Amino acid sequence: MNVYEFLSTHRSVLEAIQSLPAKPSDVKYIELYKDYVRLTEEGHKKVYILQYLSDEYKVDERTIYRVVKRLSAIVKL
């Protein structure tokens, strides 16, 4: 399969992805976001959550803020 065939086959999905506030590369942060939600629901303080996730996933706290903002956005389909 060449690039043209792939794009033609998955056109509708790719068009939907373009309208999202997230980037396709955010897929690498799915587990981080799941952990963020879990820790928030458990009642941990945001400072603790950010420090824990920063250490666990080797990213800076500012990246966590950006990822959480993007992945928390409501999607209208």
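Note: the structure precedes this text.
Residues numbered from 1 in each chain as written. Predicted model: local features only at pLDDT ≥ 70, side-chain atom pairs only at ≥ 80, totals over all residues. Heavy atoms only, no water.

Where do I start with the overall build of the chain in this structure?
Along its length, the chain carries five helices and zero strands. Helices (α) and strands (β) of the chain occur, in sequence order from the N terminus, as α-α-α-α-α. Taken over C-alpha atoms, the radius of gyration comes to 16 Å for the chain, far larger than the 11 Å a tight globule of 77 residues would show. Projected onto the principal axes, the alpha-carbon positions of the chain cover approximately 45 × 25 × 20 Å. A total of 77 residues make up the chain; the buried ones form 21% of that total. Restricting the contact set of the chain to residue pairs at least 6 apart, pairs at least 24 apart contribute 49%. Accessible surface, the chain as shown: approximately 6200 Å² in total, 58% of it carbon and sulfur. Each charge class in the chain can be summarised by its mean position, and for the 13 positive and 11 negative side chains these summaries are 7 Å apart. (Helix = DSSP H or I, 4+ residues; strand = E, 2+ residues; numbered from the N terminus. Rg over C-alpha atoms; globule rule 2.2 N^0.38 Å. Buried < 20%, exposed > 50% of the residue type's maximum accessible area, 1.4 Å probe, protein only. Contact = heavy atoms within 4.5 Å. Areas by Shrake-Rupley, 256 points an atom, 1.4 Å probe, with all protein chains shown as cover. Lys, Arg positive; Asp, Glu negative; His and termini not counted. Charge placed at Lys NZ, Arg CZ, Asp CG, Glu CD.)

Please clarify how a positive patch on the surface should be interpreted in this entry.
Taken together, the side chains of Lys 23, Lys 28, Arg 62, Arg 66 and Lys 69 present a region of like positive charge at the surface. Mapping Lys 23 onto the fold places it in the loop between helix H2 (11–18) and helix H3 (30–41). (Patch = residues over 30% accessible without salt bridge, like charges linked within 9 Å, V, L, I, M, F, W, Y side chains within 5 Å. Salt bridge = Lys/Arg side-chain N within 4 Å of Asp/Glu carboxyl O.)

Looking at this structure, I do not really get unusual backbone geometry. What am I missing?
Leave glycine aside and you will find that most residues have negative phi; peptide bonds, for their part, are mostly trans. Of note in this structure, Lys 58 is not a glycine but carries a positive phi near 55°. One can find Lys 58 in the loop between helix H4 (46–57) and helix H5 (61–72). The exposed category is assigned to Lys 58, whose relative accessible area is 71%.

By themselves, these observations are geometric and do not establish any function.
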